[in-house]
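Letter by letter, the chains look like this.
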Amino acid sequence: MTEDARGLYLRRPAELLARDEPGHEPALVEAIRAEIHEAGPMTFARYMELALYHPSHGYYASGGRGPGRVADFLTAPESHPIFGWALAAQIEEVWGRLGRPAPFVVLEPGAGTGALAAGILGGLQRSGSALRDVIRYRIAERAPDRLRQVRERLAAVGAGATLEEDDGAPLEGVIVANEVLDALPVHRVAGGPDGSLLESFVTIDPAGRFVAVTGPPSTPALAARL
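First things first, this report covers the structure right here in the doc. (Residues numbered from 1 in each chain as written. Predicted model: local features only at pLDDT ≥ 70, side-chain atom pairs only at ≥ 80, totals over all residues. Heavy atoms only, no water.)

**Here's the deal with the packing of aromatic side chains**
Then, in step 1: Enumeration over the complete set of coordinates arrives at 2 aromatic pairs.
Then, in step 2: The interplanar angle of 35 degrees and the centroid separation of 6.0 Å between the aromatic rings of F44 and Y47 together place this pair among those described as tilted. With F44 and Y47 both in helix α2 (residues 44-53), this residue pair falls 3 residues apart, about one helical turn.
Then, in step 3: Note on F44: relative accessible area 16%, which makes it buried.
Then, in step 4: The interplanar angle of 70 degrees and the centroid separation of 5.9 Å between the aromatic rings of Y47 and F210 together place this pair among those described as edge-to-face. Residue Y47 is found in helix α2, and its partner F210 is found in strand β9 (residues 210-215); the two are separated by 163 residues along the sequence. (Phe/Tyr/Trp six-rings, centres within 6.5 Å; stacked < 30°, edge-to-face > 60°. Helix = DSSP H or I, 4+ residues; strand = E, 2+ residues; numbered from the N terminus. Buried < 20%, exposed > 50% of the residue type's maximum accessible area, 1.4 Å probe, protein only.)

Below is the structure:
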């Protein structure tokens, strides 16, 4: 590990976005490069945010990639609706404990293609639950096209009318999420040679590749938190 003129510790170069990997987006790569050229090394959190949620080219924000049997990865709700059925029973219990309010809202951040929503609503239908008549389903997604995908998924199981827009207002109900925390941008930190706290940044090496470097934390909040 060596220190450059800006006080950033250069680590072993690692290409963070290989050109031959599925999902490579040249326009996204150029957008990240442009921001680094303009503002200098970016935090790994910012790099992750752009890679996943860039409005035009982000992996999730574009709405064109994600889970599924013929897609990039498979989650439990996509594997079989029994995962949603099990959650439906838990949600029905919560509804009862809260006094069976009507309407009762389920809010799902990161709903993807709607597989979990379809499983939950299908489970309530299968069990003949009275909750099925008063439940309202909302999703929180950064990709505008996801709402269309979820609406179509629910319409296919006869639950299209259950979906409503999330207006951010307080709700009476539950929040469910599956595999969302691992898709949130995170700061990466490490211990420096003198025991200090260092943060991981992304920059560009002389060959034009993305490489990881470490330097002083981008915000004192990291040290305060840790």
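Anyway, onward from the coordinates.
**Considering α2**
Then, in step 1: In terms of burial, α2 is largely enclosed, as 8 of its 10 residues are buried.
Then, in step 2: For α2, the full list of buried residues reads F44, A45, Y47, M48, L50, A51, L52 and Y53.
Then, in step 3: In this structure, the buried side of α2 is in contact with α1 (26-39), β3 (42-43) and β8 (197-204). (Contact = heavy atoms within 4.5 Å.)

**Things to note about the sheet that holds strand β4 (residues 104-109)**
Then, in step 1: In space, the 3 strands of this open sheet follow the order β5-β4-β6, with parallel pairing throughout. Sheet topology places β5 (135-140) and β6 (173-175) at the edges, where each strand pairs with a single neighbour. For this sheet, the mean inter-axis angle between neighbouring strands, taken without regard to orientation, is 15 degrees.
Then, in step 2: Packed on one face of the sheet, helix α4 (residues 82-97) meets β4 and β6 and runs near 135 degrees to β4. (Pairing = 2+ DSSP bridges. Axes fitted to C-alpha atoms, helices over the stretch in contact; angles between N-to-C directions.)

**What to know about the environment of A88**
Then, in step 1: Within the secondary structure, A88 sits in helix α4.
Then, in step 2: C-alpha of A88 to C-alpha of I120: the two residues are 32 residues apart in sequence and 4.8 Å apart in space.
Then, in step 3: Filtering out sequence-adjacent residues up to four positions away, A88 remains in contact with I120, G123 and L124.

**Structural notes on the packing of α4 against helix α5 (residues 115-127)**
Then, in step 1: Between α4 and α5, whose axes approach to 7 Å, the crossing angle comes to 65 degrees. As for how α4 packs across α5, the hand of that crossing is right-handed. Seen from α4, the contacting residues are F83, G84, W85, L87, A88, I91 and E92; seen from α5, they are L116, G119, I120, G122, G123, L124 and R126.
Then, in step 2: When the residues that make up the contact of α4 with α5 are grouped by side-chain class, the tally is 8 nonpolar, 4 polar and 2 charged. (Left-handed = near helix turned anticlockwise from the far one by under 90°. Nonpolar A, V, L, I, M, F, W, Y, C, P; charged D, E, K, R; others polar.)

**Describing the nonpolar core**
Then, in step 1: Counting 23 residues, the largest nonpolar core has I91, V106, I120, L131, Y137, L154 and V176 as the members making the most contacts within it.
Then, in step 2: Mapped by element, the contributors of at least two residues to this core are α4, β4, α5, β5 and α6 (144-156).
Then, in step 3: Sorting elements by how many residues they give to this core places α5 first, with 6 residues.
Then, in step 4: What V106 contacts, discounting residues up to four positions off in sequence, is I91, I135, R136, Y137, R138, V174 and V176.
Then, in step 5: L28, I32, F44 and F210 belong to the second largest nonpolar core, which has 14 residues in total. (Core = buried A, V, L, I, M, F, W, Y, C linked by side-chain atoms within 4.5 Å.)

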